[in-house]
Amino acid sequence: MKKSVFLGALTVAGLTAGAAAAATLDDVKARGTLNCGVTTGLVGFAAPDNNGNWDGFDVGVCRAVAAAVLGDPQAVEFVPTTGKTRFTALASGEIDMLARNTTWTFSRDVDLKFEFVGVNYYDGQGFMVPKELGVSSAKDLDGATVCIQTGTTTELNLADYFRKNSMNYEPVPIETNAEAQQQYLAGACDVYTTDASGLAATRAAFEDPSAHVLLPEIVSKEPLGPLVRHGDNEWGDVVRWTLNALIAAEELGVTSANIADMASTAGDSPEINRLLGTEGNLGEMLGLEADWAVKAISAGGNYGELFEKNIGETTPIGLARGLNAQWTDGGLLYSPPFR
Amino acid sequence: MSDTHAESVAYVRETMLPETPPPAAETGITRWMKQNLFATVPNAVLTVAAIVVIYFLLAATLPWILNGIWNAASIRECREILDGTTGGCFAVLSDRWNQLLFGFKYPSTEYWRPALAFLLLFVAAAPVMFFKYLPRKMLLFTAVYPFLAFWLIWGGSIVPPLVLLLGFVAAYVAFKTLEKRGFGVAVLGGLGVLIVAIILAGSIGKIEVLRLEQVQSRDMGGFMLNMILGTVCISLSIPIGIALALGRQSDMPIIKWICVVFIEFIRGVPLITLLFVANVVLAYFLPPGTTFDLIIRVIIMITAFASAYIAEVIRGGLAALPRGQYEAGDSLGLDYAQAMRLIILPQALKISIPGIVNVAVGLFKDTTLVSVISMFDLVGMIRGPILASTDWNGVYWELFGFAALLFFVVCYGVSQYSQWLERELNTDHR
């Protein structure tokens, strides 16, 4: 009896939540701010600076969407979420979209009823070892002690990789990245493994980064991307094509520096014209203004500019573009055409 | 002097010797050391061993503290300045000082408000803590303080807290006038008046009088959040705990069983589970768009948790009283409320002080658990935004040491106060 009441309440709550979710775009416009879920802090991807302004690569996506929908990149209410609270926050309607370096997996997309709108960072699990160990490949790691975060997909990937190569390892379970840094530096483990971007950021914080190397092997696919709730395709389209606009802008050479010129009059390139709204009516189809992409790109620059500013090689984190280069440069970024 | 013994005694002292100081080994620091540090061989060995340990501890930490850097923009700059020498990077504390204390979203022009509320907290707490030494009229300020602090910290118009305050006064008056008709009627009457006041406060909040800039609950953070949660939850949970303890001893079965079930349920569930329920599960049951303030949800959960524990501590105090005390109350013709107020509770509470303080100190430290439900208390600020900033990623000891220091100061202060209070209330003739 109690169980059925509980389930009934849950159903009602779910239905009302679903009904409210049906017109997220209108809700956001009426509210005047975008509720964007981010992490409670991840180096380079999202963290508030000493004035309390959020900054980072994921934050850039939130600001671009806010600029496209509301015309103001500052009109974002950032809702910090932990790995445990992120999905409930999105499902319950507390946030409109989640941009929290979340791996796109089958079960999250299908079973948890979310809609991944694309990939803004192609990550993968890597290994870091001290240089003095003299290891140059993950294949040499037989018998190593490995620091690994518990309860993550990295733990399973590690087991798979070592089993496939019939090697043994001794896991040192740790809870957070901060703890891992200390354990690894104290010599509690020979190897630290997590997402390659996280390894690079961790290494950058070391007193002597050059004493540690990242091994070339990447043992898993971790496509990270923003996501929205199932069932509101119009809103999903807005977020998806804002992300695509950032990627396409880099491919087409539209930057925050030259966008004002390019958007003022229609140029020679029809695709740039369509993207920037000087030709065609793509904005109208999305339910946005004609210059939606102009605003989104002006917010923080195109994909490449966001990358360089937050996590690129000029920053202390120093990530190379790698897989995240444009398809024309041998990477995986490939925006569908704006047509 | 006569000459009688002049032949038999070789020498007779004719004057008093001046007093000499005791031998060097039997006085001052030497004697103290001999008695206390080197009394026996094992003691001497232990002393030497302790000195060696202390030396190594200081040798490791002192250069780190004294050579610390207080002025730098990032950990890399710190390391440049240190240039390979040992030293802490305390610059993170000066750079993020306000964030550590107030969180990263509290408007920086309004920092004086929580700071003032914090200072006034001492004025408000003093007449309760040192009730023998301060005039009782100061309690009036204590009664006003919660509303004043709410207005200062959250801002907005002063009207809603003022109406609530008046509501409490009206409820008290109603309680007093109805008390002759019976305790139950009086409580119901008081509650009725209070509910009217709450509804009224909610509906006329738009009236703009003495408006301060409003700060949302989700913008609270830093040590301020720990202090808010700690003070509010402890001061609420003591009266609720007393009520639960008395309810558990009650003869009325319904009240008794409600109290027993509440206490046993809450004590059987980890606090972190309750916090997750407050944060995550409630969001599913509330209709979308309702904003049931997160801090209030957390306060309710922590208060429930603490009051269950305090109820058990007080029950221990009640059980320790000899049966004669209850009978004495009855034989004097006191009713239940009078007997409890005048005879039983003063003694039971005195016995319970160490236990209550134990719960209070533990609870204050438990407020850092809110960092797991993405609230930015002191620990949440450190683990999240500060360690995740590109500037300060990699600074641990300095930050967590600072957090430990803040908590230690508060907890040690509370513990010292409770020991003083025990001596103060000591009426034994031992």
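A brief report on the enclosed structure follows. (Residues numbered from 1 in each chain as written. Chains lettered and ligands numbered in written order. Predicted model: local features only at pLDDT ≥ 70, side-chain atom pairs only at ≥ 80, totals over all residues.)

This next bit is on the sheet that holds strand 12 (residues 212-214) of chain A. Residue and element names in this part refer to chain A. Across the sheet, which stays open at both edges, the 5 strands sit in the order 10-9-11-8-12 with mixed pairing between neighbours. For this open sheet the edge positions go to strand 10 (169-174) and strand 12, each flanked by a neighbour on one side alone. Sheet twist, expressed as the average angle between the axes of neighbouring strands with direction ignored, equals 30°. As judged from the 4 bridges shared by strand 8 (residues 125-130) and strand 11 (residues 191-195), these two strands associate in the antiparallel manner. Bridge pairing in strand 11 places G126 opposite T194. Where helix 6 (residues 153-164) meets the sheet, its contacts fall on strand 8, strand 9 (144-149), strand 10 and strand 11, and the angle it forms with strand 9 comes to roughly 155°. (Pairing = 2+ DSSP bridges. Helix = DSSP H or I, 4+ residues; strand = E, 2+ residues; numbered from the N terminus. Axes fitted to C-alpha atoms, helices over the stretch in contact; angles between N-to-C directions. Contact = placed C-beta atoms within 7 Å.)

Let us now look at the interface of chain A and chain B. Taken together, the contacts link 33 residues of chain A with 29 residues of chain B. Mapped by element, the contributors of at least two residues to the side of chain A that touches chain B are helix 1 (2-21), strand 2 (47-48), strand 4 (76-81) and helix 7 (177-185) of chain A. Sort the elements by how many residues they give to the side of chain A that touches chain B and helix 1 of chain A lands first, with 6 residues. A class-by-class count of the residues in the side of chain A that touches chain B yields 16 nonpolar, 14 polar and 3 charged. (Nonpolar A, V, L, I, M, F, W, Y, C, P; charged D, E, K, R; others polar.)

Here we come to the packing of helix 3 (residues 57-70) of chain A against helix 9 (residues 233-252) of chain A. All names here are of chain A. Contact pair helix 3 / helix 9: the axes reach a minimum separation of 10 Å and the direction vectors enclose 110°. If you check the angle between helix 3 and helix 9, you find them roughly perpendicular. The hand of the helix 3/helix 9 crossing is right-handed. Taken together, the residues of helix 9 that come into contact with helix 3 (itself represented by V61, A64, V65, A68 and V69) are V238, V239, T242, L243 and L246. (Parallel < 35°, antiparallel > 145°, perpendicular 65-115°, else oblique. Left-handed = near helix turned anticlockwise from the far one by under 90°.)

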